[in-house]
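# Descriptive analysis of the structure
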Amino acid sequence: MPRLAVTSLSLSHLRSHKTTLIQGDGRPVVIFGPNGAGKTNILEALSLLSPGRGLRRAAIPDIARTPEALGWKVTARLQAPDRTHEIETWAEPGTTTRALKIDGKTAPQIALGRLARVIWLIPAMDRLWLEGAADRRRFLDRLTLSLEPNHADTVLAYDKAMRERNRLLKDQVHNPNWYAGLETQMATHGARLTTNRIEALDRLSAAQTDAETSFPRADLALTAADPTGNTTDPDTLHQAFATARHRDMAAGRTLVGPHRADLEATYAAKAMPARACSTGEQKALLVSLILANARALTDDFGAAPIILLDEVAAHLDADHRAALYDEICTLGAQAWMTGTDANLFTPLTDRALWFEVRETDGLSQLTEVPPQ
Ligand SMILES: Nc1ncnc2c1ncn2[C@@H]1O[C@H](COP(=O)(O)OP(=O)(O)OP(=O)(O)O)[C@@H](O)[C@H]1O
Ligand SMILES: [Mg+2]
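In this text, all values refer to a predicted model and were calculated from it rather than measured experimentally.

### Side note on the pairing of strand β5 (residues 84-91)
One ladder, built from eight bridges, connects strand β4 (residues 72-79) with β5; its direction is antiparallel. The partner of Gln 79 across the bridge, within β5, is Thr 84. Direction of pairing for β5 relative to strand β6 (residues 99-102): antiparallel, over a ladder of four bridges. Bridged to Ile 87 within β6 is Ile 102.

Right, dumping it as structure tokens:
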């Protein structure tokens, strides 16, 4: 199986890292060290090899190392199935957007989505099933985006038209002519957006059905308080926006449409909604989904995605940990895994590369070590 792997990663002035260089060889990577050593910061750097704001959703200036605030840079050599690519992404001091070069040429972020498939699971997602729908929609949209890179443009186009419509609503504009074009755009992009989401959920379901895994199957559904949240019919949406105008004007914003959808998961074997599952079960469901996403991407792309697993091992019992490592190795995925304790990763032995991170005087230091 051809591999997708970061074979060299350099972090410059990124948070606790002044200059950190990691050489990979395609094997999964274990990064261990105490709290605050700089482990998640490395995963954040890797997440910036995919489009968007990275796994912390940080503002660009916040990523720059303080107190210097010189700007930051991530450079990576990415071994893709067809060839090797050089990726550079950075921000100059005082800027709020990041620049990107692929193979020495300036490139848009969407190009990254086609090149480097990077997916992640982070501790902040642990409460995904318990908290508001917005986080679940974001989770679903990242899943969808990984499978359909054009989804980013669809979401942006829908949001832009909706923001303009919201402005009209706030300004109490009554003339329907002002709304017609915007609502047509919202209906077209909104229906596409929902179609993408449903296709992604179908792909994940299929990837779970075909898999032999120790992780529980999650049944997934796109739900909504009203049909506009998950209809794939642009005419239905179009009609709904026109009908809702009066009520929306009273609220000062758009109350119907796919931006109100929710993702519902059920622990299939127990017919239990995810929000009612135990903490460990909820974690196992998330692991199932990330593995299903990885399998679906492997089918599409011909190589497993890069998987970032921040502190995932700590929440799993020994059997689940061993099963997770076996699945990662069977997939051939370069997973980057962090944990405070090397013992958590023992079953990986020399199937992984091992690094220890320590922090001295606010500076992260990384050392390659033998399997622990
Ligand atoms: N912009 C910044 N400049 C300098 N240091 C920063 C910046 N942002 C965060 N840090 C520091 O980076 C350090 C390491 O953070 P990181 O989240 O990577 O730790 P970690 O090894 O994942 O720890 P934990 O095990 O607690 O998750 C923190 O001590 C934090 O104060
Ligand atoms: Mg961390």
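Okay, back to it.
### What about the nonpolar core?
Counting 87 residues, the largest nonpolar core has Val 30, Leu 46, Ile 307 and Leu 308 as its most contacted members. Ranked by residue count, the leading element in this core is helix α8 (residues 279-301), at 11 residues. Both of domain 1 (1-128 + 278-372) and domain 2 (130-276) provide at least three residues apiece to this core. Beyond its immediate stretch of four places on either side in the chain, Leu 46 contacts Val 6, Leu 9, Val 118, Ile 306, Leu 308 and Trp 336. With 14 residues, the next largest nonpolar core counts Tyr 158, Ala 161, Leu 182 and Val 256 among its residues.

### Examining the domain arrangement of the protein chain
Domain boundaries in the protein chain define domain 1 (1-128 + 278-372) and domain 2 (130-276). Just the C-alpha atoms count here: the centres of domain 1 and domain 2 sit 28 Å apart. Counting residues at the interface gives 27 residues for domain 1 and 25 residues for domain 2. If you list the elements that add at least two residues to the side of domain 1 that touches domain 2, you get α3 (109-115), α8 and α9 (318-331). No other element matches the 14 residues that α8 contributes to the side of domain 1 that touches domain 2.

### What about the site of ligand 1?
Surveying the vicinity of ligand 1 reveals 15 residues, the closest of which are Ser 16, Asn 35, Lys 39, Thr 40 and Asn 41. Ranked by residues supplied to the shell around ligand 1, first place goes to helix α1 (residues 39-47) with three residues. Of the residues that constitute the shell around ligand 1, the class distribution is two nonpolar, nine polar and four charged.

Conventions we followed
- Residues numbered from 1 in each chain as written.
- Chains lettered and ligands numbered in written order.
- Predicted model: local features only at pLDDT ≥ 70, side-chain atom pairs only at ≥ 80, totals over all residues.
- Pairing = 2+ DSSP bridges.
- Helix = DSSP H or I, 4+ residues; strand = E, 2+ residues; numbered from the N terminus.
- Core = buried A, V, L, I, M, F, W, Y, C linked by C-beta atoms within 7 Å.
- Buried ≥ 20, exposed ≤ 12 C-beta atoms within 10 Å, placed from the backbone.
- Domains from an automatic or database assignment.
- Contact = placed C-beta atoms within 7 Å.
- Near = placed C-beta within 6 Å.
- Nonpolar A, V, L, I, M, F, W, Y, C, P; charged D, E, K, R; others polar.

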